[in-house]
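Structural description and commentary
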Amino acid sequence: YPIERIRNFAIIAHVDHGKSTLADRMLQVTELVSERDMRAQYLDKMDIERERGITIKAQAVRMPYKSKDGGEYLLNLIDTPGHVDFSYEVSRAMNACEGAILLVDAAQGMEAQTIANLYLAIDAGLEVIPVLNKIDLPAARPEEVAKEICALLGGEPEDILKVSAKTGIGVPEVLEQVVDRVPPPSGDPEAPTQALIFDSIFDAYRGVIVYARVVQGRMHPGEKIRMMATEFEGVIDELGVTSPEAIPINELGPGEVGYLTAAIKGVGEAKVGDTITLAGKHAAPSPLPGYREPTPMVFSGLYPVDSADFPDLRDALDKLQLNDASFNFEPETSVALGFGFRAGFLGLLHMEIISERLDREFNIPLVTTAPNVAYTVTLNSGEVLKVSNPADLPDPNQIDHIEEPMVDAMIYLPSEYVGAVMQLCEKRRGTMLKMDYLTEERVELRYRLPLAEIVFDFFDRLKSSTRGYASLDYEPADMQVANLVKVDVLLNGEPVDAFSSIVHRDKAYEYGKAMVSKLKELIPRQMFDVPIQAAIGSKIISRETVKARRKDVLAKCYGGDISRKRKLLEKQKEGKKKMKAVGMVEIPQEAFVAALSLG
Ligand code: GTP
């Protein structure tokens, strides 16, 4: 296919708005997959994805297409992940395209994530084709939603394509528009090779499969390649395209999208956003712009419920990392929970996916500590620390100041809830950046908020204060100085590291109190009183006591033998000491889990 016959495009859609269904339908319209062979949702490969209905990994599919005017085209559909945690992956996939379909559920309307991804597409200079989906639904309100779209994109509501990915109505017209409106790629085949990695997937048999878009130059099997950021070097074993099964080919040239294997052991060697070039004299002098190291934003301790599982947990984490370059971990020990790992994730959903996979694929029951963010701590000595575990925060007297990560959040909501959402954002230490009425009923709010506040059940609160109508998307902003303190929880006078948390000073009292009373409910009575305290440094800010089980040992001593009585009392005191030394042992695992889920 000549380059002017190629069309590279992505589909931007909110979760459940029908991206996979539309992609499936396209495979049918282009006769790549017959109705009979059609597995539901061909493009989603992982089981978890299928069950949860989310797309985690982007992939590409090549579809030869004969347009209505008889021209033969090559359409490359690049599938993008659909969640806020993966926006960098989305932006790379968009950079591999010239066009994007903006797919909006005609019953649900726009969502923050759709808008955020739309901005990514506009930033990448893509031609955007808006499409309304699910017009077969009785609840569809295509006119209204079309107006919302036009408020963002311009254009006339009646020009927007209206389709049902489910029944197939309107899908051929979408492909026609892709051919007509998406510009063909360009690129010099003779220039030094540069290809953008937009996805890489671990395969146990073949090593990593790298999905890339050639920007200029060419690639052939047998050539020696180099990843410009990771400096991985290897020889291309197989070069191919997915259509929809893998088909090996002999050359990939400018504008083309395909995959390669090169005995790459883990996805950490072929990271999304990296540039592939040829090793040696055809090497490109510089990489394509926009590469970014994946940065974990949310951290959590992962501890095996049964400490005998620790080596298995390590193996499992190693395996997952081969598959996911954006997640990292290091061993950590907790007084309360024993041996485990501190893991860093892109966000909350990413964290959930990983812990679910550990549970499901590796069968390792875990205790996951409350998620937290990473702080930059400057000590009085001038030393600067990165703290991703609250328990590691130094003594307050040593700290000069603490910085916390901020995000720019976009909230998209019906105008009637603006007041409630502003209140929530203020309470969460947010600063309003912008408020736009896209239509009379729809508002786009932008706030700068501490990531820690978002990690702390912000999403649930947002949903409950808007009856589920608001949607949220955010991207990392800078670090900001804040008046933060560590609240420790002490049981029987001993700090329990797993319960330490870093919170804003103004909220420390409230937080400490909530944590202490929650623990009081969860900890069963012991042989002795167990004081539960919340403290900032050496200052106790809240206190409760789990009263001892009543057991009157003296009642047994008939006759009032004083030495016997004393002996018994002595014994009991020793028991107390022992309990104290053993400390946490008397606390059931469930109490831990329940208390951690509070914070
Ligand atoms: P993610 O993979 O999570 O991003 O979701 P998705 O956008 O790919 O959505 P998917 O294609 O899985 O569709 C979500 C649900 O909407 C499924 O139950 C589909 O059957 C349904 N659906 C998709 N398109 C249509 C449509 O045109 N009409 C109706 N009635 N339902 C549709």
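Quantities reported herein were computed from a predicted structural model and do not represent experimental measurements. (Residues numbered from 1 in each chain as written. Predicted model: local features only at pLDDT ≥ 70, side-chain atom pairs only at ≥ 80, totals over all residues. Heavy atoms only, no water.)

Read from one edge to the other, the open sheet built from eight strands follows the order β10-β9-β14-β7-β8-β13-β11-β12, with strand pairing classed as antiparallel. In this open sheet, the two strands that pair with only one neighbour each are β10 (233–235) and β12 (246–248). On average, adjacent strands in this sheet sit at an angle of 40 degrees to one another, irrespective of strand direction. Note that strand β11 (residues 238–242) and β12 share three bridges and pair antiparallel. The residue bridging valine 241 from the neighbouring strand is isoleucine 247, located in β12. (Pairing = 2+ DSSP bridges. Helix = DSSP H or I, 4+ residues; strand = E, 2+ residues; numbered from the N terminus. Axes fitted to C-alpha atoms, helices over the stretch in contact; angles between N-to-C directions.)

Glancing now at the nonpolar core. For soluble globular proteins, the rule of thumb is that nonpolar side chains tend to be buried together. Formed by 51 residues in total, the largest nonpolar core has its most connected members in Leu358, Ile411 and Phe458. Contacts of leucine 358, omitting those with residues within four sequence positions, involve Leu302, Leu313, Ala316, Leu317, Leu320, Asn363, Ile364 and Leu366. (Core = buried A, V, L, I, M, F, W, Y, C linked by side-chain atoms within 4.5 Å. Buried < 20%, exposed > 50% of the residue type's maximum accessible area, 1.4 Å probe, protein only. Contact = heavy atoms within 4.5 Å.)

What UniProt calls "binding site: GTP" (unreviewed entry) maps, in this numbering, to Asp16, His17, Gly18, Lys19, Ser20, Thr21, Asn133, Lys134, Ile135 and Asp136. Looking at where lysine 19 falls in the secondary structure, it is placed in helix α1 (residues 19–29). Among the structural elements, lysine 134 can be located in the loop between β5 (127–133) and α5 (142–153). Judged by its relative accessible area of 22%, lysine 134 is partly exposed. Residues contacting lysine 134, with those up to four places away along its chain left out, are Asp16, His17, Gly18, Asp105, Ala140, Val163 and Ser164. (UniProt positions renumbered as here; feature names shortened; annotations may be inferred.)

With that out of the way, let us pick up α5. Because each turn of an α-helix spans 3.6 residues, side chains separated by three or four positions in sequence point in the same direction. With 12 residues, α5 ought to run about 16 Å at 1.5 Å a step, and its terminal C-alpha atoms sit 16 Å apart, in line with that. Every buried residue of α5 is accounted for by Pro142, Val145, Ala146, Glu148, Ile149, Cys150 and Leu152. Just downstream of α5 lies glycine 154, where phi reads positive at about 80 degrees. (Expected span 1.5 Å × (residues − 1).)

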